[in-house]
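The primary structure of each chain is shown beneath.
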Amino acid sequence: MAQADAETTEALCEREDMDRFVRGLRSADPAAHTELCSRFGRRLHEFAARRLRGDAELAEDIMVATLADAARNIRGYNPRRAPFSGWLFGIAHRHITAELRRQNRRKSVPASAQVPIDARAEQPAADDVAETATERMEARRQVAMLREHLSDIEMEVLILHCVDQLSLREIAQIVRRSERGIKSLLHRARQKARERLGADEH
Amino acid sequence: MSTERFDQQLACLLATAEPVPELRPGWEQRAMAAMAAVAVARPKRVPRLVTVIVVTLLLLILAGAVFAAVRYLFIEGTLSFDSTVGPWPGGPPGQSSRLLSGELEWSTEQVSADGADLVPVEGVPSPATGELAFETAVDWPPTFSDIWKTDPDGSEVVNLTARAELGGVNCYPQWSPDGSMIAFQHCDPVEGVVPCEAGFHLWVISADGSEARPVLPEDTPGTMWGRWSPDGSRLLCNMSLEGTDETRYDVAVTTDPWGTDIQVLPNVGNRPTWSPDGTMIASTREREGELDGVSGAWNQLVVTGADGSDPEVLVQQFIVDAEVNSFLSGGEEFLGTPGFDWEGDLCAWVGPRQPEWSPNGDRIAFLAAMPWDPEGPYYKLQIEVWVYDLNTDELIQVTDDDLAQTHLSWK
């Protein structure tokens, strides 16, 4: 009973904190902008970089654009319809989708995807490189296998949940599906991933 | 393996396969600058209530415009009239009705009269309350009649002229636009004289019958007709200066309902009627003239300004005195055929008569006699309904039969 009360109190505090935060953004309070940056900047960057094949610069651009969009359109945000993070990652998701579409239309390799020659000098020692590279190659092979057997949306939901640590409600907001549908998708994606990774070990 | 542990393992696998690069130093400043720029550029938000009011007003204006356009294009009003067989248009029995749609594709609907002695004329609805005013006649031609009113459902029937202790003939009730008064024609009973030949006067009576009085001074020989201006401030009527014969009610005047501000209207003829916006008056008049060297008279449908200025003849019919020729003209072109036989008593029905504006004011319906069929019976008086379109100057003949049409009205 006491534990339930504590949870309720905590939820209320969180909601009040979020209300205060959103009010601050609506009044263009610099403190709220700083808080937006510190709360979500890194997560948005990771979210974008993971979907942009590790392009750090582009991911940063997407992150900045997302934060600016959020600051601009915060009056249109309705807390009753979606959690703030779901709304924010939804904006990032739309930016990323647009960017990927743009990249698909490009004929040449984008400058941002090219590795500068001096960046190679900062690479770790050869042994470390070999070890890391082997691990990464193995991980990439397994991920490629998963991508082969899971649909795009299943893979996306899996990444959003496991890596980006987003709740079902937030994921539903981002991919514009029902929460129940996301739950079902996630269950199916997990099952397929277990099967494939289990079979791969044997 | 638990779901939680599997999720962690999967996250690790995905993070290893696609490691996330570090953020460059100074990213926070960039993000803050972008948000600050947006905050500066953000326009002031209009309060939601103001937005709702503005949008509602715009929608209302749009709906009004659409309604007006639809009304103008498709609902130009319904024209109704009675058709009578007999030498006395408008007299019972044998009435029938016709309806004319806004597109001038008309259909007929015969309404047989009951032939009873008591002849209720169709009630005139009050624009304000919906109450109906009507007259009753106990015989034909009427020797006595009263103005009544009733609720729209037929209840609460009140004899207004009896309540005002007004005898004689009382007819043609016309509600004022605000529903507070009724203008009507009154004729005092005169010993040995048929009432409708004793001279009519325009009267007004309060809607509850408590007060009735003549509009023009009592020494006026006679006044006929009576139409309220759309704003209810003035009445339009014909006045006789010499006698009481209907054909001599040829002076048109406007007056306030108390008869204190009477203005004679030049160029305005018989049965004048206001346009729906009150800026014009349509009437019919007779002007002497000649056609092809033959003397006669032009019966004209004329439109003037509200003060009788700027007369414009829309339609005219040439009448040769006691001869047999008549033409109906629309603009330059003569319509109809010569060879009209007519009796002196019926000359009032030759030529444009009884103009009535359509609800949107772009058409005028009127009556005009057509050449008489010498092979038919004596009383076969062909009075047809015509419509003049003010926008296109087109003249349309609505009816073509051997009946006499009367009582034009648009709805």
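No experiment lies behind these values; they were computed from the predicted model shown.

A. The arrangement of the confidence of the model for chain B in detail. All names here are of chain B. Scored by pLDDT, chain B has a mean of 72; 65% of the residues are at 70 or more. Mean pLDDT values for the elements of chain B range from 26 in strand 3 (residues 106-109) up to 92 in strand 10 (residues 201-206). Every residue in residues 322-349 scores below 50 in pLDDT, and together they form 71 contacts with partners more than four places removed in sequence or on other chains. Segment residues 376-380: pLDDT under 50, and nine contacts once partners within four positions in sequence are set aside and those in other chains are kept. With a pTM of 0.48, the predicted complex shows an ipTM of 0.73.

B. Geometry of helix 3 (residues 56-73) of chain A. Residues and elements named next belong to chain A. Along its 18 residues, helix 3 runs 25 Å from first to last C-alpha, staying within 8% of the 26 Å computed at 1.5 Å per residue. For helix 3, the full list of buried residues reads Leu58, Ala59, Glu60, Ile62, Met63, Val64, Thr66, Leu67, Ala68, Asp69, Ala70 and Ala71. Between the side-chain oxygen of the N-cap and the backbone nitrogen of Glu57 there are 3.4 Å, and the N-cap of helix 3 in question is Asp55.

C. Region of interest: the interface of chain B and chain A. Between chain B and chain A, the contact holds 31 residues from the first and 47 residues from the second. Between chain B and chain A, roughly 3,500 Å² of surface is buried when both sides are summed, and carbon and sulfur atoms account for 68% of that area. Between chain B and chain A we count four salt bridges in total. Ionic pairing is found between B:Asp7 and A:Arg190, a salt bridge with its closest N-O pair at 2.9 Å. Along the contact surface separating chain B from chain A lie four residue pairs in polar contact (both at pLDDT 80 or more). Residue assignment for the side of chain B that touches chain A shows that the elements contributing at least two residues are helix 1 (3-17) and helix 2 (27-41) of chain B. Classifying every residue of the side of chain B that touches chain A by side-chain character gives 19 nonpolar, four polar and eight charged.

D. Local environment of the sheet that holds strand 15 (residues 263-264) of chain B. Residues and elements named next belong to chain B. Across the sheet, four strands lie side by side as 12-13-14-15; this open sheet has antiparallel pairing. Each edge of the open sheet is held by one strand with a lone partner, namely strand 12 (222-228) and strand 15. Sheet topology places strand 13 (residues 235-240) next to strand 14 (residues 251-255); five bridges connect them, and they run antiparallel. Of the residues in strand 14, the one forming a bridge with Cys237 is Val253.

E. Structural view of the confidence of the model for chain A. Scored by pLDDT, chain A comes out at a mean of 79, with 81% of its residues at no less than 70. Element-level mean pLDDT values for chain A span from 74 in helix 1 (residues 2-26) of chain A up to 89 in helix 3 of chain A.

F. Just a nonpolar patch on the surface, in detail. All names here are of chain B. A contiguous nonpolar patch, built from Leu49, Val50, Ile53, Val54, Leu57, Leu58, Leu60 and Ile61 and spanning about 780 Å² of accessible area, is present on the exposed surface. Within the secondary structure, Leu58 sits in helix 3 (residues 48-73). Assessed through its relative accessible area of 52%, Leu58 is described here as exposed.

G. Expanded view of empty space enclosed by the protein. All names here are of chain B. The tally for this structure, following the rule as stated, stands at two cavities of 30 Å³ or more. For the largest cavity, the calculated volume is near 40 Å³. Tyr172, Gln174, Ala183, Phe184, Gln185, Leu202, Trp225 and Gly226 are the residues that line the largest cavity. Mapped onto the lining of the largest cavity, the elements with two or more residues apiece are strand 8 (169-175), strand 9 (181-187) and strand 12. Residues of the lining of the largest cavity, tallied by class, amount to five nonpolar, three polar and no charged.

H. Focus on helix 7 (residues 168-175) of chain A. Those residues of helix 7 of chain A not exposed but buried are A:Glu170, A:Ile171, A:Ala172, A:Ile174 and A:Val175. In the segment just after helix 7 of chain A, A:Arg176 is the residue with positive phi, at about 55°.

I. Fine view of the packing of helix 2 (residues 30-51) of chain A against helix 3 of chain A. Residues and elements named next belong to chain A. For the pair helix 2 and helix 3, the least separation of the axes is 9 Å and the interaxial angle reads 140°. In this view, helix 2 runs oblique relative to helix 3, as classed from their interaxial angle. As for the relative orientation of helix 2 and helix 3, their crossing is right-handed in sense. Counting all contacts with helix 2, which are made through His33, Leu36, Cys37, Gly41, Leu44, His45, Ala48 and Ala49, the residues of helix 3 involved are Ala56, Ala59, Glu60, Ile62, Met63, Thr66, Leu67, Ala70 and Ala71. Grouping the amino acids of the contact of helix 2 with helix 3 by side-chain chemistry returns twelve nonpolar, four polar and one charged.

J. Here's a closer look at the packing of aromatic side chains. Residues and elements named next belong to chain A. For the coordinates displayed, the defined rule picks out seven aromatic pairs over all chains. Centroid distance Tyr77 to Trp87: 5.1 Å. Interplanar angle 40°. Geometry classified as tilted. On the criterion of sequence distance, the pair formed by Tyr77 in the loop between helix 3 and helix 4 (84-105) and Trp87 in helix 4 is long-range, its members being ten residues apart. By the burial criterion, Tyr77 is buried, and Trp87 matches it. With a centroid separation of 5.6 Å and 50° between ring planes, the pair formed by Phe84 and Trp87 is classed as tilted. One end of the pair is Phe84 and the other is Trp87, both in helix 4 and three residues apart, which spans about a single turn. Across the pair, Trp87 and Phe84 agree in class, each one buried. An aromatic cluster of three or more residues is present, and its members are Phe21, Phe40, Tyr77, Phe84 and Trp87.

Calculation rules
- The numbering scheme is per chain: residues are counted from 1 as the chain's sequence reads.
- Labels are handed out in written order, letters beginning with A for the chains and numbers beginning with 1 for the ligands.
- Since the coordinates come from a predicted model, pLDDT governs what is reported: local features require at least 70, and pairs of side-chain atoms require 80 or more to be given and counted, while whole-chain, interface and lining totals use all residues.
- Side-chain numbers here rest on the full set of heavy atoms in the structure, without hydrogens or water.
- For every residue, the predictor assigns a confidence score, pLDDT, that lies between 0 and 100.
- Labels follow the DSSP assignment, with helices taken as runs of H or I lasting at least four residues and strands as runs of E lasting at least two, numbered in each case from the N terminus.
- The contact criterion used is simple: two residues touch if any of their non-hydrogen atoms lie within 4.5 Å.
- Given the number of residues in a helix, its expected span is that number minus one, multiplied by 1.5 Å.
- For every residue, the accessible area obtained with a 1.4 Å probe (protein chains only) is divided by the maximum for its type, and the residue is called buried under 20%, exposed over 50%, and partly exposed between those limits.
- Distance and chemistry together define a polar contact, namely a pair of N or O atoms within 3.5 Å, with one atom able to donate a hydrogen and the other to accept it when in protein, and with adjacent residues in sequence counting only for side-chain atoms on both sides.
- Once two parts are brought into contact, the accessible area they lose, counted with a 1.4 Å probe and summed over both, makes up the buried area.
- Between Lys or Arg on one side and Asp or Glu on the other, a salt bridge is scored when a side-chain nitrogen of the former is within 4 Å of a carboxyl oxygen of the latter.
- The nonpolar class holds Ala, Val, Leu, Ile, Met, Phe, Trp, Tyr, Cys and Pro. Asp, Glu, Lys and Arg form the charged class, and all remaining residues, Gly among them, are polar.
- Whether two strands pair comes down to DSSP finding at least two bridges between them.
- For patch building, the residue pool is restricted to those with more than 30% relative accessible area and no salt bridge; the joining distance is 9 Å between like charges and 5 Å between nonpolar side chains (Val, Leu, Ile, Met, Phe, Trp, Tyr).
- Per-residue accessibility takes into account occlusion by the displayed protein chains alone, with areas from the Shrake-Rupley method and a 1.4 Å probe.
- Method remark: on a 1 Å grid restricted to protein atoms, a set of points is classed as a cavity if a 1.4 Å probe fits but cannot get out and as a pocket if it is open with protein on both sides within 12 Å along at least five of seven lines; lining residues have an atom within 4 Å of a point.
- Grid points are joined across faces, edges and corners, and a volume is the space filled by probe spheres set on the points.
- To obtain an axis, a line is fitted to C-alpha atoms, over the contacting stretch when the element is a helix, and the angle between two such axes runs from 0 to 180 degrees between their N-to-C directions.
- Geometric relationships in this document are graded by angle, where less than 35 degrees denotes roughly parallel, more than 145 denotes roughly antiparallel, 65 to 115 denotes roughly perpendicular, and other angles denote oblique.
- Should the near helix be turned anticlockwise from the far one by less than a right angle, the crossing is termed left-handed; should it be turned clockwise, right-handed.
- Each Phe, Tyr or Trp ring (for Trp, its six-membered ring) is paired with any other whose centre lies within 6.5 Å, and the angle between the two planes then decides the class: stacked below 30 degrees, edge-to-face above 60, tilted in between.

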